[in-house]
Amino acid sequence: MKNTYSEMKDSGVAWIGEIPKYWDVERAKFHFKQSLERGNNTPELLAATQKHGMYPQRLLEGVVQVMAGTNLQQFKTVHINDFVISLRSFQGGFERSSFEGVCSPAYQVFHADEHYNADWLKFFFKNEMFIDAMNALTVGIREGRNIKYDDFANALLPIPPISEQTAIAAYLDEKCGTIDEIIAEAKASIEEYKMWKSSVIFEAVTKGLDPNAEMEDSGVDIIGLMPKHWNLCRQRFLCKTTTGDHDTQDAEPEGAFPFYVRSPIIERSNTYTFDGEGVLMAGDGAGAGRVFHYATGKYAIHQRVYCFYDFKGILPRFYHYFMENLFCAEMDKGSAKSTVPSVRLSMLKDFNICLPLLTEQANIITALDEKCAVIDGIIAEKEALIADMEAYKKSLIFETVTGKRKVC
């Protein structure tokens, strides 16, 4: 069976391009109707999610639940196979509902007539090119942009025969399901390799490289046993600590290293406040006490970033490995539990660090650099696989729902 259609025609829509000659093209308003109903016999509050579509809010973690006593009959009605334009539709398209319930009055609810298969529409409305086309019509700003139903209603949409829509949806369900499984397996494998890397670093910086070394209790829960000839030292005695004094968000693209507190990536800047060898740590925000960088040369320091420098008795790279691996445990029992995590200076300065001889530190650094490079290479390969599969999935959906690929 050929996977292309024998005759094509211009759809009249730039982003769609050509479609099969026998497919129709009409404005959405002729086949979709907006619902303004309120309430539902099933008083279930649904939330818009990009992963599950419209989904019961009570089953979602990390979502602020509706207040007790709220009258859900004042919320918008949502029926099975309705579609919803949410405040996040500019990111992930329209969400289909597989549930009866209600949704936020800020959402726009609509449904299709008998000319469309809801399973086919599910893929069409999540197609990246469709989302981009809708974004070009968006207005207003509220943590993003709001798509208006009227703009969607005036958009030209293809209408394949119902039987073909059904076949396309079944094909995509199968193919995308396989792709999603591959992606999920790769992501799970990445997490396993990250855990392995963390374990390798922990063992090296707290137990050393000699499996026959005599051990003793460090007296620190997160360290446990350590070589008897090692010392423990509080962070305050090993280096100087400072914080940045300006915002580096508008840094120039060439020059040095500013540190963005909520990003694990060091960008470059022409302006700098430090010149030398140091370790940088996010001081507050999502990465507080968990995002570290070893940097040399000239770099700017963000005002919410700690910079450690002028090390004594410890090599900066060993310090980086140790802190990046173990300080998160200190955060877990400290201020990380607050609404906005931040690193208290007292907590930092009293933090205990294992201190091998400098020669041992150098050997540990060499061993970890080698092992971590191997693990990072494997992770990079799996991340590349995920990117390829996600790109293939997007291409597959676009080609099938717009008639570039024939599946039946």
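This is a predicted model, so every value here is computed, not measured.

**Brief notes about the overall build of the protein chain**
Within the protein chain, the secondary structure is distributed over 8 helices and 20 strands. A total of 408 residues make up the protein chain; the buried ones form 44% of that total. Residue pairs at least 24 apart in sequence account for 70% of intrachain contacts in the protein chain once pairs closer than 6 positions are excluded.

**Quick notes on the side chain of Glu330**
Mapped onto the secondary structure, Glu330 falls in helix H6 (residues 316–332). Judged by its relative accessible area of 17%, Glu330 is buried. Setting aside its immediate chain neighbours within four residues, Glu330 contacts Met347 and Phe351.

**Remarks on the state of the cysteines**
As enumerated under the stated definition, the model contains 0 disulfides in all. Counting only cysteine sulfurs, Cys307 is the nearest neighbor of Cys239, a cysteine outside any disulfide, at a range of 9.0 Å. By relative accessible area, Cys239 is classed as buried at 7%.

**Here we look at the sheet that holds strand E4 (residues 32–35)**
If you trace the 4 strands from one edge of the open sheet to the other, you get E4-E11-E8-E9, paired in antiparallel fashion. Edge positions in the open sheet fall to E4 and strand E9 (95–96), since each of these has one partner strand only. Bridging between strand E8 (residues 83–85) and strand E11 (residues 108–112) involves 3 bridges; their strand directions are antiparallel. Across the sheet, Ile85 pairs through a bridge with Gln108, a residue of E11.

**Brief notes about the nonpolar core**
As a rule of thumb, nonpolar side chains are buried together in soluble globular proteins. Judged by nonpolar contacts, the single largest core of 83 residues is most densely connected at Phe32, Phe125, Phe152, Phe308 and Phe327. In contact with Phe327, other than residues within four places in its own chain, are Met281, Gly289, Phe292, Phe322, Val343, Met347, Leu348 and Phe351. Of all hydrophobic cores here, the second largest spans 7 residues; its members include Met54, Val78, Val84 and Cys103.

**Some remarks on the pattern of salt bridges**
Under the definition given, this model contains 17 salt bridges. Here Glu191 makes a salt bridge to Lys194, at a shortest N to O gap of 3.9 Å. You can see Glu191 and its partner Lys194 sitting in helix H5 (residues 162–207), 3 residues apart, about one turn around the helix. Between Arg236 and Asp350 there is a salt bridge, and its shortest N-O distance comes to 2.4 Å. With Arg236 in the loop between strand E15 (231–234) and strand E16 (240–243) and Asp350 in the loop between helix H7 (345–349) and strand E20 (352–355), this pair connects stretches of sequence that are 114 residues apart.

**Observations concerning H5**
Look at H5: 66 Å from first C-alpha to last across 46 residues, which is about the 68 Å you get at 1.5 Å a residue. Phi for Gly208, located one or two positions after H5, is positive at around 80°.

**Looking at the packing of aromatic side chains**
Taken as a whole and judged by the stated rule, the model has 34 aromatic pairs. Relative to Phe125, the ring of Phe94 has its centre 5.1 Å away and its plane inclined at 55°; by these criteria the two rings are tilted. Separated by 31 residues along the polypeptide, Phe94 in the loop between helix H1 (89–92) and E9 and Phe125 in the loop between helix H2 (118–124) and helix H3 (128–135) bring together distant segments of the chain. Here Phe94 matches Phe125 in class, with each residue buried. A cation over a ring is seen here: Arg317 above Tyr294, with NZ or CZ 5.3 Å from the ring centre.

**Description of H6**
Residue pairs spaced three or four apart in an α-helix point in one direction, given the helix's 3.6 residues per turn. In this model H6 runs 24 Å from its N-terminal to its C-terminal C-alpha over 17 residues, within 8% of the 24 Å that 1.5 Å per residue would give. The largest bend in H6 amounts to roughly 35° and is located at Glu324. For H6, the full list of buried residues reads Pro316, Phe318, Tyr319, His320, Tyr321, Phe322, Met323, Asn325, Leu326, Phe327, Glu330 and Met331.

**Some points on unusual backbone geometry**
Trans peptide bonds make up the majority, and among non-glycine residues the majority have a negative phi. With a phi angle near 75°, Asn81 is a residue other than glycine that sits in the positive phi range. Tracing the backbone shows Asn81 in the loop between strand E7 (76–78) and E8. A residue is classified by how much of its surface remains accessible, and Asn81, at 30% relative accessible area, is partly exposed. Unusually for a residue other than glycine, Asp310 sits at a positive phi of about 55°. Among the secondary structure elements, Asp310 is positioned in the loop between strand E19 (305–309) and H6.

The rules behind these values
- Residues numbered from 1 in each chain as written.
- Predicted model: local features only at pLDDT ≥ 70, side-chain atom pairs only at ≥ 80, totals over all residues.
- Heavy atoms only, no water.
- Helix = DSSP H or I, 4+ residues; strand = E, 2+ residues; numbered from the N terminus.
- Buried < 20%, exposed > 50% of the residue type's maximum accessible area, 1.4 Å probe, protein only.
- Contact = heavy atoms within 4.5 Å.
- Disulfide = S-S within 2.5 Å.
- Pairing = 2+ DSSP bridges.
- Core = buried A, V, L, I, M, F, W, Y, C linked by side-chain atoms within 4.5 Å.
- Salt bridge = Lys/Arg side-chain N within 4 Å of Asp/Glu carboxyl O.
- Expected span 1.5 Å × (residues − 1).
- Phe/Tyr/Trp six-rings, centres within 6.5 Å; stacked < 30°, edge-to-face > 60°.
- Lys NZ or Arg CZ within 6 Å of the ring centre and 35° of its normal.
- Bend = angle between axes of the 7 residues up to and from the residue.

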